[in-house]
Amino acid sequence: MTRANTISRSVEIGLRFIGMWPDSAYPNLYWFSYMTTVVIVQYYQYAYIFAHFDLNDLWLLMDCLSLTLAYSLAFLKLLVLWWNRRIFYYIVKAIDQDLSECVSNDSYSSTMTSMADMSHRFANIMFGLYAFSSFFLSIGEHLLQSMDDVDQSGNSSRELPIKMEFPFDVSKSPIFECFLIGQFLYDMVIAFVVGLINALLVALVLHVSGQIDIMQQDLVEISNGKYDRSTFLLVIKGLICKHQRIINLSENIENLYSYIALMQVLWNTLVMCCTGFVIIIIISSGEDTANLIKSVSYYIAIVLEVFIYCFAGEFLSAKSKSISNAIYESLWYNLPPSDSRVILFMILRCQKRLTITAGRVIDLTLEGFTSIMKASVSYISVLNAMY
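Residues numbered from 1 in each chain as written. Predicted model: local features only at pLDDT ≥ 70, side-chain atom pairs only at ≥ 80, totals over all residues. Heavy atoms only, no water.

Looking at an unreviewed UniProt entry, one finds the protein chain named Odorant receptor and attributed to Temnothorax curvispinosus. The protein chain has a UniProt comment under Sequence similarities (unreviewed entry) that states "Belongs to the insect chemoreceptor superfamily. Heteromeric odorant receptor channel (TC 1.A.69) family." Note on the protein chain: under the UniProt heading Subcellular location (unreviewed entry), the record states "Cell membrane". (UniProt positions renumbered as here; feature names shortened; annotations may be inferred.)

Spelled out as structure tokens, the structure:
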């Protein structure tokens, strides 16, 4: 029987591309090459911002700053992920061990297969959404501007979609076309990597969720008297070990994503503020359809990104609470007193819920997502009043 891994093949290929997958070929070379490319592009992006910095033109400043900050966030997230790569190796090893135990049990295998299908579908949707968003940030915006911004001589606009300041003129052919294609490929790769990090988080949370569901199945079988007295303590010992592995895996996920989530919350609040302000200005002017489509698709992508982190934390917390609920709702009171006490200790251990935090400061929950949205809207109203 094949093992249903919650980490999809596309996510694994992406992790190999950035040199993060265990035992991948030339990981340092891949990671260094990719990060060097991002640093070079970021240099020209920030050079454009400094060269055109003007508080009297907030629209241009916010438009450039929102995309530049998003690329900086992707760079920092990759840096943190690389720094904690040993933790990720432990996570992959633990997942492989869990899946090996599920192969011999059909009920376990079906549970993990269901979680793997959900993870794979989410990864495909995530990559498709980010590909769509990155298309309108590069080639799509250029095509729309070419149709809208045609001068009297019939020549279309020669401005790159991603604003960069170069020491030479890039508006002439074929230099412009080469840079346009290069920006498109760069934007697609950045979008793929950002979607990859989000899909990996969801895959890890779904794996923990599947292990919790398996543990609940075992608890139901114990309470129904499936095991006799001679094997009960062995089964309970196995459940306690499984619960501890779930806790350890959850803590490793927290250690891997804690600071990534903190940067995500703080950085995306600023990016949503800048992008929302640009959308308001475009709507009020009633023109520039290309920038409107680009900004709206980009705003949806970054809001969804914050929502994914908060929903993953909320989902993990709810699943951890379900263990104690499953133990309490079982027929533990029909067991001998010495056996029921062991189960009651498991209930006590479940009181500390599993969660994902942003820098170990705040828990990622749906309530936290609403707070982030309220803060970004407040900043947008301040910018709109200044404009």
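Draft legend 1. Just the UniProt feature "transmembrane region" (unreviewed entry) in the protein chain, in detail. The feature "transmembrane region" (unreviewed entry), as given by UniProt, occupies residues 29-46, 58-83, 122-140, 184-206, 265-284 and 296-316 in the numbering adopted here. Across residues 265-284, helical content stands at 100% and strand content at 0%; the span's end C-alpha atoms are separated by 28 Å. (Helix = DSSP H or I, 4+ residues; strand = E, 2+ residues; numbered from the N terminus.)

Draft legend 2. Seen up close, the packing of aromatic side chains. Inspection of the entire model under this criterion finds 16 aromatic pairs. When the ring of Trp31 is compared with that of Trp82, the centres are 4.7 Å apart and the planes differ by 15°; the resulting orientation is stacked. Of this pair, Trp31 sits in helix 2 (residues 27-51) while Trp82 sits in helix 3 (residues 58-83); the two residues are 51 residues apart in sequence, bridging distant segments of the chain. Note on accessibility: Trp31 and Trp82 belong to one class, buried. Seen from their ring centres, Phe307 and Phe311 are 5.8 Å apart, and the 25° between their planes marks the pair as stacked. (Phe/Tyr/Trp six-rings, centres within 6.5 Å; stacked < 30°, edge-to-face > 60°. Buried < 20%, exposed > 50% of the residue type's maximum accessible area, 1.4 Å probe, protein only.)

Draft legend 3. Structural detail: the environment of Ile246. For Ile246, the location among the structural elements is in helix 8 (residues 229-285). Not counting residues within four places of it along the chain, the set of residues in contact with Ile246 comprises Val208, Gln211, Ile212, Met215 and Leu354. (Contact = heavy atoms within 4.5 Å.)

Draft legend 4. Structural context of the nonpolar core. Val11, Leu15, Leu204, Ile253 and Tyr257 are the most contacted members of the largest nonpolar core, which has 105 residues in total. Looking at which element gives the most residues to this core, the answer is helix 7 (residues 175-223), with 23 residues. Among all residues touching Val11, those that are not within four sequence positions of it are Ala123, Phe127, Leu196, Ala199 and Leu200. Core analysis: the next-biggest nonpolar cluster, separate from the first, contains 13 residues, Met62, Cys64, Ile380 and Leu383 among them. (Core = buried A, V, L, I, M, F, W, Y, C linked by side-chain atoms within 4.5 Å.)

Draft legend 5. Expanded view of the side chain of Glu254. Inspection of the secondary structure puts Glu254 in helix 8. With near-sequence residues (within four places) excluded, Glu254 lies in contact with Thr355, Ile356, Thr357 and Arg360.

Draft legend 6. Fine view of the pattern of salt bridges. With the rule as written, the count across this model stands at nine salt bridges. Two residues, Glu12 and Arg9, come together in a salt bridge whose shortest N-O distance is 3.1 Å. With Glu12 and Arg9 both in helix 1 (residues 9-17) and three residues apart, this pair spans about one turn of that helix. We classify Glu12 as buried; its relative accessible area is 13%. Among the residues examined, Arg9 registers a relative accessible area of 55% and is labelled exposed. Through salt bridges with shared partners, one network takes in Asp98, Glu101, Lys242 and Arg245. (Salt bridge = Lys/Arg side-chain N within 4 Å of Asp/Glu carboxyl O.)

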